[in-house]
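# Notes for the structure review
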Amino acid sequence: MIRSMAKTLLFVLTIKIAITVSAQESKQGNIVEYFGKEKVEEINEGSVKHIFKEGLILKIRSFGFNSSSTPKNPVYSKFLLEEPEEIKAGEPFIEDAAGNTLKWEKIEVGEKNEFSDRALRSGYLYLEFQADKEENVIFEASGHTMILINGFPHEGDHYDFGYSLIPIRLKKGRNTFVLQGGRFPRMRARILTPEKTIAFTKRDMTTPDILKEENKDYLAAIRVMNVNKNWFKGGSITCENGSESVTSPIPSISPMNVRKVPLEIPTPENMDGEKAEFSITLKDNRGKVLHQENLTLDIKSKYNHHKQTFLSDIDGSVQYYSVAPSSNKNIEDPALFFSVHGASVEAVNQARAYKKKDWGHLVAPTNRRPFGFAWEDWGRLDALEVLEHTQNLLQTDPKHTYLTGHSMGGHGTWYLGATYPDRWAAIAPAAGYPDLLGYRGSFTRRLRTMSDDDLKRFNMTREQVNEMLAAGTLTDEEDILIDSMMRRAGNPSRTLKLKRNYLHYGVYILHGEKDTVVPTFIAREMRANLGTFHNDFAYYEYPNGSHWYGDHSVDWPPIFDFFKFREIKSSSEIDKIEFYTASPGVSSKSHFIEIHQQEIPFEISLFNFKRDSISSITTDNVATLNIDLAKMGNTSASIKVDDQEISIDDITAVLSLSKNSDAWQVSEKPSITKKGPHRNGGFKDAFRNNMVLVYASKGTKTENEWWYHRALFDAEKFYYRGNGNVELMKDTDFSPEKYPDQNVILYGNRDNNSAWEPLLNSCPVQVEHGKISMPDRSFEGEDHGIYFIYPRKDSGIASVGIVTATGEKGMKATYANHYLVNGTTFPDVIIVNSNVIKDGITGIVGTGFFGNDWSVEKGDFVWRE
C-alpha cells in the first residue's frame, strides 16, 4: 500500500532530479517540460479584490498507513464533522499518528505573494476573509490538492498550472478556506471580482492546428464561467474568420460553475500564412452578445508534425493528439507507432521528439493531461479512443501497430501492452516502470537503505523512517480482509500479474544506465523477469544515460529496426495464445477467444489456447467463454475445454460456453443485463458513456446544498484531472428518456433525489434517511455513506454510479472523490461511516462485488462484524 511519507519522499526526490535534468536539457531543446505548462500568471477574468498575505499553516509529517482510496484526513474530519468556530495560532488542533499535539502556526507570503514552506507538501493552509456583504466572486488559487470553502469541497490546482477558478458566493462575515497541500512547497490564493458574470476564460484552451490540405470544420474547447446563482442555458459560441462562420450550441452550465465546452472552428478564408485569426463570440439564448475574444491558431501541413482534435465518447469533451506523419507522402498501408508520453509532457512535445519515418505515422495521445491518469483508467480509455480514431483517419495497417513510450509513458507501454496484447506487433518501453504501485514502493525500498545524511537532507530521521515503516503494516484481521478486497479492484492495473501476455509480441527495453528518476534496477528486474519465459526481447542500457539524455531517449533507431521485423499474425496463423485479465470490463479477449464472465470477480482469469487436430483451451477463473470459430479458422467438429470435449454444430458461429458445477456446456451468449465486457463494474467504471451528474434537490436545504456542491466537486475534478466536460443536472430536470445509454452519477438517496425511483427502484441496495437496506443485512443510523455502481435497467450498456448517505454525517463521510484519481481502487460497493475521514480504512464498514447477475446473494463481499 502507499505510505504517505514515502509519497512525500518520491515527490522530493523527483522534484530535485527533475529540476536538475530540466535545467541541463533546456539548452538542448528537448521535449520534457517538468511540471507541465508555464503557469498562468495574468488575470483577464476581472480585477483582484483581495490577495491573501497572511494565514495559518498546520505542519503534518505522516499519518502512517494511508490507503490511496480512503486516505486518513483528520484535519478535514475536524472541519467537516466538528465545524470549529475559530482557528487560532498556537492552540491545539489535532494529534498526529504518534500522539503529538499539532498546532496552527502563522505564515506570511513572500515577494511573489506566495506562501512558501516545505511543510506545505503534506500540510494545510488556513485562510480567512471577512466580507462586508454577500457577493459573487472567483476564488483563484494554485499549488493545493483540494480545498474546503465554507465547508464545501472543491478541486485544487495540484500541478500548479494556474487553471483553478472557483466561483463562490461570499457570506457576510467570516469566510474560511482550508487548502490541502501535496506536490509543491508553495501556494497562492486570491479573490477576483469578475468583469462579467457570464464570460470566457482563455486559460487552458484545447485547440487544433489548421491543416492547409483540408477544408473542414475543426473542434476546440474553451471554458465558460457562470458566476451567477442562475443556470446558463441556451447559449452559443460563434467563431468567425472573414466571411467564414460557424455557431456551436453551449450545453447548460450550472450556477457558480466553470465548464469547458466544445466549439467548432471554420476553415479560414486565407491559408497562405502560418497563423489564422478568429473571433469568438459568446451569446445568450436571445442572441445578446455577452463576451468576445480573439483566437490565433497555427496553420500547418498535414505532412508535417501537427495536432488533431476529436470529441470523446467518455464525456463529450474535446481532446487532442499529436501526429508525426510519415516522410513518404504517398505511403500505402502505413505502420502506426503509438507513443505515450511521460508525466508533465505535452503530447505535442512527445511527437516533436521523433523524426518522421518513411514507413509509418507516429501518434502521441494525451492521457487527457500531461499528468493525467498514468495511462490507466481514463488515460487508458483515451489511448483506445485515439488508437481507433487514428487507425481510421490515417488508414494504417492493423498488423503493423507498435507501442512505445517514455517514463510514465514507459509504464503506459508496459500496462497497455499487457492489457491489450492482441493490438500490438511489438512494444518498446523506455525509462519505464511496469507497475505504478510497485514504482512507488521502490522508493520505500530506497528509504530503508538511505544513509542518515541523505535522510537529513529530506528533514527526516532514522527513527521517523522506522516509525513510518512500522505504521505501514495492518494488524487487525477485519482491516486486512477489507484492504484485500479493496486492492482486488486494482488487479487490472497490476501489470506483473498479466506479464505472460507479453508473449504475444516482441519487447524492446531501453533505459539509461544512470537513471535515478525511474531507477535502472527496475528495468533490470523486468529483463530478468522476461528472461524466465520470453524468447523475443531485447534490452539496452544507454551508457551513462540519465532519465532523459536527448531525443534519442525515445527516438532510438534500434527500436524501429526491431519493430520493422515484427507484425501481428492473422488469426488463422496463430497456434498458441496465453491470455490473462483481471476484469472483462477492462480487457476481455485475445484474437478470437473472449472471457465474458469470471467466477471470482477481479481476480486473475486466464485461458491457454493450443491449435491441433482438436484444438484445446484450458482456463482458470472463467465462468463464460466465447469463441469466434470463423475467425479462428476452425474446421474440426469439436474442441476441448479443460479436457472436456465439446461438439461443434456450426464452424462459422460464435460458440458460447458456460461453466456449471465444473462442467462446460454450450449456452446462449449471456444477456446484456448480466455482467460482461460491456458493463462489468468497479465503481470507477460509472464515469464514462458521456455521464451526467444528477444531484438531489428534494431534501432539506442543508442536503440540497451539500449534494449540489458534491456533484460540482466531481465535475471540477474530472475537468482538472481529465480535461473533462461534465453535465450537471438537478434531479427534477432529469428523465431517462432524454439520456438513453448514458451513464448517470446520482448524488443523494431515495428520499431526496427524485431520479432514484426510475433508475434504482429494483436495485438490491436501497438507501434512505437513517437506513441502508440489502437482502442479507441492513445498516441503521445517519452516519453511513456509500459508493456503488448498478446497471441502468433501461439500457444494455449504461450504468448508474451512486454517491449516497443516510444522513448529514454520512454525507460528509463521502466528501472525498479519490475514485477520480489513478492508482485508487474501488469495488462495486463501498459502505463507510463518518470515521473514514479521520481513520481511513477502519471506517469502511464493508465492500465487495455484485455477482454476474448483479445480485448481492451471488456476490463477493466482506463485512465488519
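Just above, that's the structure.
Now for a quick tour of the structure. Only a predicted model underlies this, so the values are computations on that prediction, with no experimental measurement involved.

## Quick notes on the overall build of the chain
Per the secondary structure count, the chain includes 16 helices and 50 strands. Compactness check: the chain gives a C-alpha radius of gyration of 27 Å against a globular reference of 29 Å for 865 residues, within 12% of the reference. By its C-alpha atoms, the chain is 85 × 70 × 65 Å across when sized along the principal axes. Surface summary for the chain: the accessible area is close to 33,000 Å², and the carbon and sulfur share equals 45%.

## Thoughts on the sheet that holds strand β41 (residues 727-730)
The mixed open sheet is built from 8 strands, whose spatial order is β41-β40-β42-β47-β46-β48-β49-β50. What marks the edges here is a single partner per strand, and that holds for β41 and β50 (860-863). Strand-to-strand twist in this sheet, taken as the mean axis angle between neighbours without regard to direction, amounts to 15 degrees. Strand direction decides the pairing type here: strand β48 (residues 829-833) and strand β49 (residues 844-849), joined by 4 bridges, are antiparallel. Across the sheet, V832 pairs through a bridge with I844, a residue of β49.

## Overview of unusual backbone geometry
Most peptide bonds adopt trans geometry, and most residues besides glycine take a negative phi value. For N544, which is not glycine, the phi torsion reads 60 degrees and is therefore positive. With a relative accessible area of 54%, N544 lands in the exposed category. Even without being a glycine, N621 presents a positive backbone phi close to 55 degrees. Of note, N621 is situated in the loop between β34 (616-620) and β35 (624-628). For N621, a relative accessible area of 7% translates into the label buried.

## Description of helix α13 (residues 701-722)
Its 22 residues give α13 an end-to-end C-alpha distance of 31 Å, which sits within 8% of 32 Å, the value for a rise of 1.5 Å per residue. The buried fraction of α13 is high, at 19 of 22 residues. Looking one or two places after α13, you find N723, whose phi comes out positive at around 50 degrees.

Each value, and the rule that gives it
- Residues numbered from 1 in each chain as written.
- Predicted model: local features only at pLDDT ≥ 70, side-chain atom pairs only at ≥ 80, totals over all residues.
- Heavy atoms only, no water.
- Helix = DSSP H or I, 4+ residues; strand = E, 2+ residues; numbered from the N terminus.
- Rg over C-alpha atoms; globule rule 2.2 N^0.38 Å.
- Areas by Shrake-Rupley, 256 points an atom, 1.4 Å probe, with all protein chains shown as cover.
- Pairing = 2+ DSSP bridges.
- Axes fitted to C-alpha atoms, helices over the stretch in contact; angles between N-to-C directions.
- Buried < 20%, exposed > 50% of the residue type's maximum accessible area, 1.4 Å probe, protein only.
- Expected span 1.5 Å × (residues − 1).

So, to be careful, I would describe these as geometric facts and stop short of saying anything about function.
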